[in-house]
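Topology and contacts: notes
For reference, the chains in residue letters:
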Amino acid sequence: MTQPAIQVKNLSKSYGLTLALRDVSFEVRRGEIVGFLGPNGAGKTTTMRILVGYLPPTSGTAIVDGYDVLKDSLEVRRRIGYLPENISLYNDMTVEAFLEFMATIRGVARKRVRERVRAVMAQTRLDHMARVLIGKLSRGYRQRVGLAQALVHDPPILILDEPTVGLDPRQIIETRQLIKSLAGDHTVILSSHILPEVSMTCQRVLVIHQGQIVAEDAPENLAARLRGSERIRVEVRGPADQVRRALEAIPGVLAVIPEARDGVASFAIDCAVGTDLREQVAEAVVRGGWGLRELRPVGMSLEEIFLKLTTEEPDGNTGNPGDNREGA
Amino acid sequence: MGIRAILAITAKELNSYFASFIAYAVVAGFLFVTGAFFSLSVLLSRQVNLRFTLTDVAIILLFVSPAITMRLLSEEQASGTLELLVTSPIREAEIVLGKFLAALVFLVIMLAATAYYPLLLISYSQPDPGPIAAAYLGLFLQGAAFISLGLFISALTRNQVVAYIFTFGLLLIIWLFEAISGIFGGQVGSILSSLAFYNHFVDFPKGVVDTKDVVFYISVVVFGLVLAERVLESRRWR
């Protein structure tokens, strides 16, 4: 159990000239539920597609359950259940026939196929749709069929790309409960662009933005960081200790984080949200008789990335939960 | 190589053929045209002979087999369902073989439906069974070669219409290699002529089963399947 379920090192992916992923590294422990959080186009789907062997990485390595996604693709695929984003299904098959087909090509033993299909149909509440053609299902039911096919061979690792998209509020709650119930036995990576979704289901969140992991933390801590602060970067020529003490003395400063650099003292200063302490910082530096070389608010803060995320539940979450009749 | 996975894909494809209107239209059109040739040939020649009818069937296969193979891989690419197949623990070769077998079964069903013509002749007379059996073997081998190449073309494009047109074009050109070979002459001409589908087929309806023709068709089948597998596999490292 010492080996992590997923190990990604310096993964990059470019499509032609565009760099979709740059130097992404992370690990996922066994039994953990990890969320990829990021706006659309951040690189979540690309990362997942590399993990399931659908796309080759441009550089870097990804190890799933001890197997390299490039060299031992078959072994990796045996261990993964994958729900693609906006899943495409065979519309001319019935739900049951499709799941039996998927179970077979995923290597479920002949004798266990029916049993497994029945189990996942119950798990995803599809029992009453078994004989319905997939092409006649509503979006929500199709998404459940997608989830069912990811689970049908009982894989130890699940990779779910936007698992609740297209579901109605009640189904979203059910799906989240289902995913949570998988923790422990299963390692789960799910992606979302909805903040509350990952904070409700995941134990750890990786925030992905423009192909890079910009933050990694437990959901509670991320939320705290989000509420917490604004950041200023300052570079001062002077004795680091004294400068730091002077900066910390400024009212409104929450933390001063030294950033080592030759000859100059460089700090990141976290301030209470909604305050602009740049003038106070400048004053403190000048008063100390040191040289102020740089003073600027930090470009893309985590907060700004979060602003691009959907921070609310989809519309209609307060709608009548009994009204989930849909489909054929 | 997983036989179960291959057969599962074959079953899925067959289900998909018979769930669609196009399959029935293709079979109906095929039977209508071959039936017309059969009637004309019998009525005009007044002979208990299927040699010309079954040679015509071979030509009709040029038009029909691209319709059997056009959607096999292009549709999965267009709709995105290929993602489900290639992220499953099966090899590309299994996908290709499963689909090839499905198309082959469809071909056999179509050819079996034309058994009506020889049976009709047998009920009235005593046609020579040897050439008829040989012709059916030839049709089967040639159909298999057509399907294999069609599957390869279908792997190259997401568009079914493009797959049909290119497959038909390719088959027609190879069929006509004999005619083109005259233009080149010499070494090139004889290579073209030895690859021409027509030259390899033409002896079967006469009742002559030549090993080199059988080997030729089987080689084409293997060639097409390997190419299709390569194209699918290229996605993993491209």
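A tally of helices and strands in chain B yields twelve helices and zero strands. In terms of overall dimensions, chain B has a C-alpha envelope of 60 × 45 × 30 Å along the principal axes. Split into buried and exposed, the 238 residues of chain B put 42% on the buried side. Sequence-distant contacts in chain B: of pairs separated by 6 or more residues, those separated by 24 or more amount to 78%.

Another aspect to go through is the overall build of chain A. Helix and strand content of chain A: eleven helices and 14 strands. A burial count over chain A gives 41% of its 328 residues as buried.

Bringing the interface of chain A and chain B into the picture now. Facing the 20 residues of chain A at the interface are 19 residues of chain B. When residues of the side of chain A that touches chain B are traced back to their parent elements, those giving at least two are helix H2 (73–79) and helix H3 (95–105) of chain A. Class assignment for the residues of the side of chain A that touches chain B results in eleven nonpolar, five polar and four charged.

Now for the nonpolar core. Within the largest apolar cluster, 138 residues are counted, with the highest numbers of intra-cluster contacts made by Leu99 and Ile159 of chain A together with Leu151 of chain B. Tallying contributions element by element places helix H7 (residues 129–156) of chain B first for this core, with 14 residues. The contact partners of Ile159 of chain A, leaving out residues within four places of it in the chain, are Met48, Leu51, Val52, Ile80, Tyr82 and Ile189 of chain A. Formed by 14 residues, the second largest nonpolar core is a distinct cluster that contains Ile232, Val243, Ile269 and Ala284 of chain A.

Our next topic: unusual backbone geometry. All names here are of chain A. In this structure, Asn10 takes a positive phi of about 50° despite not being glycine. Positionally, Asn10 belongs in strand S1 (residues 6–15). Taking the number of C-beta atoms within 10 Å as the measure of exposure, Asn10 has 12 and is therefore exposed. Positive phi, close to 55°, is recorded for Asp23, a residue that is not glycine. Structurally, the position occupied by Asp23 is in strand S2 (residues 18–28).

Consider a sheet: its strands pair through backbone hydrogen bonds, and that pairing is either parallel or antiparallel. Residues and elements named next belong to chain A. Across the sheet, which stays open at both edges, the six strands sit in the order S6-S7-S8-S3-S9-S10 with mixed pairing between neighbours. Pairing within the sheet leaves two strands with one partner each, and these edge strands are strand S6 (80–83) and strand S10 (212–217). With strand direction ignored, the average angle separating the axes of adjacent strands in the sheet is 15°. Helix H1 (residues 44–51) rests against strand S3 (33–37), strand S7 (157–161), strand S8 (187–192) and strand S9 (204–209) of the sheet, and its axis sits at about 150° to S7.

As a further point, take H1 of chain A. In an α-helix there are 3.6 residues to a turn, and that puts residues three or four apart on one side. Counted residue by residue, H1 of chain A has eight buried out of eight residues, so it is predominantly covered. Three or more residues of H1 of chain A are buried, namely Lys44, Thr45, Thr46, Thr47, Met48, Arg49, Ile50 and Leu51 of chain A.

To continue, consider the confidence of the model for chain B. Overall, the prediction assigns chain B a mean pLDDT of 91, with 99% of residues at 70 or greater. Put simply, helix H9 (residues 177–184) of chain B is where chain B has its lowest mean pLDDT, 82, and helix H5 (residues 92–113) of chain B is where it has its highest, 96.

An order of S2-S1-S4-S5 (chain A) is seen for the four strands of this open sheet, with the pairing classed as antiparallel. Each of the sheet's edge strands pairs with one partner strand only, and the pair in question is S2 and strand S5 (67–68) of chain A.

Turning to the pairing of S6 of chain A, a few remarks are in order. Residue and element names in this part refer to chain A. Burial along S6 is two-sided: the face carrying Ile80 and Tyr82 and the face carrying Gly81 and Leu83 are both buried. Where S6 and S7 come together, four bridges link them in parallel fashion. Its bridge partner lying in S7, Tyr82 is registered against Ile159.

Below, the discussion takes up the packing of H5 of chain B against H7 of chain B. Residues and elements named next belong to chain B. Contact pair H5 / H7: the axes reach a minimum separation of 10 Å and the direction vectors enclose 145°. Two packed elements cross with a definite hand, and for H5 against H7 that hand is right-handed. Across the interface between the two elements, Val96, Lys99, Phe100, Ala103, Leu104, Leu107 and Leu111 of H5 pack against Tyr136, Leu139, Phe140, Gly143, Ala144, Ile147, Ser148 and Leu151 of H7. Class assignment for the residues of the contact of H5 with H7 results in twelve nonpolar, two polar and one charged.

All names here are of chain A. Along the chain, Leu295 turns up in strand S14 (residues 291–297). On the basis of neighbour counts, which here come to 16 C-beta atoms within 10 Å, the residue Leu295 falls in the partly exposed class. With sequence-adjacent residues up to four places away left out, Leu295 is seen in contact with Ile232, Val234, Arg278, Val281 and Ala282.

What follows concerns the environment of Ala268 of chain A. Locating Ala268 of chain A in the fold gives a position in strand S13 (residues 265–272). Placed eleven residues apart in sequence, Ala268 of chain A and Ile257 of chain A show a C-alpha to C-alpha distance of 5.0 Å.

Entries for chain A in the domain assignment read domain 1 (6–217) and domain 2 (224–297). Domain 1 of chain A and domain 2 of chain A are separated by 43 Å when their C-alpha centres are compared.

So, about the packing of H3 of chain A against helix H5 (residues 139–151) of chain A. All names here are of chain A. Orientation of H3 relative to H5, taken along the N-to-C sense of each, is 30°, at an axis distance of 9 Å. The angle between the axes of H3 and H5 places the two elements in the roughly parallel class. For the element pair H3 and H5, the recorded crossing hand is right-handed. Two secondary-structure elements touch here, H3 through Val95, Phe98, Leu99 and Met102 and H5 through Val145, Ala148 and Gln149. Residues of the contact of H3 with H5, tallied by class, amount to six nonpolar, one polar and no charged.

On to the confidence of the model for chain A, then. All names here are of chain A. Of the residues in chain A, 86% reach a pLDDT of 70 or more, and the chain-wide mean stands at 84. The secondary structure element of chain A with the lowest average pLDDT is helix H11 (residues 302–308), at 62, and the one with the highest is H3, at 96. Across residues 316–328 the pLDDT falls below 50, and counting only partners more than four positions away or on other chains, this stretch makes 17 contacts in the model.

Take the environment of Leu70 of chain A next. Residues and elements named next belong to chain A. Relative to the assigned elements, Leu70 resides in the loop between S5 and H2. A tally of 15 C-beta atoms within 10 Å means that Leu70 is categorised as partly exposed. In this structure, the C-alpha to C-alpha distance between Leu70 and Val95, residues 25 residues apart in sequence, is 32 Å.

About the cut-offs
- Counting of residues starts from 1 at the beginning of each chain's written sequence and follows it residue by residue.
- Here every chain gets a letter starting at A, and every ligand a number starting at 1, in the order they are written.
- Reporting of local features is limited, given that this is a predicted model, to residues whose pLDDT is at least 70; pairs of side-chain atoms are given and counted only at 80 or more, and all residues count toward the totals for whole chains, interfaces and linings.
- Strands are runs of DSSP state E lasting at least 2 residues, helices are runs of H or I lasting at least 4, and numbering of each runs from the N terminus.
- Residues are called buried when their C-beta atom has 20 or more other C-beta atoms within 10 Å, exposed when it has 12 or fewer, and partly exposed otherwise; all C-beta atoms are positioned from the backbone.
- Residue pairs are scored as contacts if the distance between their C-beta atoms, which are placed from the backbone, is within 7 Å.
- Classes in brief: Ala, Val, Leu, Ile, Met, Phe, Trp, Tyr, Cys and Pro nonpolar; Asp, Glu, Lys and Arg charged; the others, Gly included, polar.
- By definition, a nonpolar core groups buried Ala, Val, Leu, Ile, Met, Phe, Trp, Tyr and Cys residues that connect through C-beta atoms lying within 7 Å of each other.
- Strand pairing is defined by DSSP finding a minimum of two bridges between the two strands.
- The axes are straight lines fitted to the C-alpha atoms, using for helices just the contacting stretch, and the angles between their N-to-C directions are given from 0 to 180°.
- The quantity called pLDDT is the predictor's confidence in a given residue, expressed from 0 to 100.
- Throughout, a crossing is termed right-handed when the near helix is turned clockwise from the far one, and left-handed when it is turned anticlockwise from it by less than a right angle.
- Each domain's limits were defined by an automated method or a database of domain assignments.
- Roughly parallel here means an angle under 35 degrees, roughly antiparallel means over 145, roughly perpendicular means 65 to 115, and every remaining angle is called oblique.

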